[in-house]
Structures are given as structure tokens and as C-alpha cells.
Amino acid sequence: MGTQSKKPNALLAAINRAVPKDENTREQSMVAESLPVQASEPAHVTRKPKTQRPSRLGTKLVAGHFDPKVARQLRIIAAEEDTTVQALLEEAIDLLFVKKGRAHIKDIGKG
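First, a word on what this report is: a plain description of the structure on this page.

Conventions and cut-offs
- Residues numbered from 1 in each chain as written.
- Predicted model: local features only at pLDDT ≥ 70, side-chain atom pairs only at ≥ 80, totals over all residues.
- Heavy atoms only, no water.
- Helix = DSSP H or I, 4+ residues; strand = E, 2+ residues; numbered from the N terminus.
- Buried < 20%, exposed > 50% of the residue type's maximum accessible area, 1.4 Å probe, protein only.
- Contact = heavy atoms within 4.5 Å.
- Patch = residues over 30% accessible without salt bridge, like charges linked within 9 Å, V, L, I, M, F, W, Y side chains within 5 Å.
- Areas by Shrake-Rupley, 256 points an atom, 1.4 Å probe, with all protein chains shown as cover.
- Salt bridge = Lys/Arg side-chain N within 4 Å of Asp/Glu carboxyl O.
- Lys, Arg positive; Asp, Glu negative; His and termini not counted.
- Axes fitted to C-alpha atoms, helices over the stretch in contact; angles between N-to-C directions.
- Parallel < 35°, antiparallel > 145°, perpendicular 65-115°, else oblique.
- Nonpolar A, V, L, I, M, F, W, Y, C, P; charged D, E, K, R; others polar.
- Expected span 1.5 Å × (residues − 1).
- Polar contact = N/O pair within 3.5 Å; in protein donor to acceptor, adjacent residues only side chain to side chain.

**Some points on the overall build of the protein**
Along the protein, the regular secondary structure elements total five helices and zero strands. Taken from the N to the C terminus, the helices and strands of the protein come in the order α-α-α-α-α. Scored against the burial criterion, the 111 residues of the protein give a buried share of 5%. In the protein, 23% of the contacts between residues at least 6 apart in sequence involve partners at least 24 apart.

What follows is the structure in C-alpha cells.
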């Protein structure tokens, strides 16, 4: 965290290779390539999106990693039933909650 390592500036290097150079330009580009690249934000800072979809306000993402065939099958079912994957997942999670003796999703937010 203390010191920053020098990273080559790939864009500047590509521009310098593409543009014919005279002696003055060559010296200037060599100086510019030797300068360290400054990070715009420290690595430990996480940025929140500037805008958030209204439908996502007050919600939390719940996700999992599955075989691509599982995702495809879920999308096929959603298309066949003219619904969304989101709605199917809500239905499945609600059924799991009932099976485990928990409250329905619609009842959880009520207090």
C-alpha cells in the first residue's frame, strides 16, 4: 500500500510508436513514458454506482453459480410461461421457505 510501482502507459507507448518522431519529440516521449501512472482512486475504495434502478431500491442481490445448462433451462421455462427469471426464482425461493416452515416472501417485509 505504501509505494506505487511504475506501470507503463500502454496508450502513450502505442501513440509514440505510431507517430513519426523528431529528436525533440523523442526526448519528450521518453520522459513521459518514465513517469508513473497515478491511480484515480486508492485500491481499497469501492465506488457505488451513481444511479440505481428504482426497482432495485431497498433490495439485495441473491445469486449462485450453476452449470450453464441450468441457466438456459431457467430462461426457457421463463419464455414458455411468458414470465421472467426473476419471477421464477421468487416462486422457487417462496416454495423453499414454505417447505422449511418460514414466512412467505410477501409476508417477510411486513412487520
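**Thoughts on a nonpolar patch on the surface**
On the surface, Leu 11, Ile 15 and Val 19 cluster together to form a nonpolar patch covering roughly 280 Å² of accessible area. Mapped onto the fold, Val 19 is located in the loop between helix H1 (10–18) and helix H2 (23–34).

**Observations concerning the side chain of Asp 94**
Following the sequence through the fold, Asp 94 ends up in helix H4 (residues 85–99). At 7.1 Å, Lys 106 is the nearest oppositely charged side chain to Asp 94, a buried residue that forms no salt bridge.

**Here's the deal with the environment of Asp 94**
For the pair Asp 94 and Ile 105, spaced 11 residues apart in sequence, the C-alpha to C-alpha distance is 5.8 Å. Those residues in contact with Asp 94 that sit more than four places away from it in its chain are His 104 and Ile 105.

**Focus: the packing of helix H3 (residues 68–80) against H4**
Helix-helix packing is characterised by the crossing angle of the two axes and by the distance between the axes. One can describe the packing of H3 onto H4 by two numbers: an axis separation of 9 Å at closest approach and a directional angle of 100°. Looking at the two axes, H3 sits roughly perpendicular to H4. Where H3 approaches H4, its residues Leu 74, Arg 75, Ile 77 and Ala 78 are matched on the opposing element by Val 85, Leu 88 and Leu 89. When grouped by side-chain class, the residues that make up the contact of H3 with H4 number six nonpolar, no polar and one charged.

**What to know about H3**
With 13 residues, H3 should cover 18 Å at 1.5 Å per step; its first-to-last C-alpha distance of 18 Å lies within 8% of that length. One side-chain oxygen of the residue at the start of H3 lies 2.8 Å from the amide nitrogen of Lys 69, identifying that residue as Asp 67. The first or second residue beyond H3 is Asp 82, which carries a positive phi of 50°.

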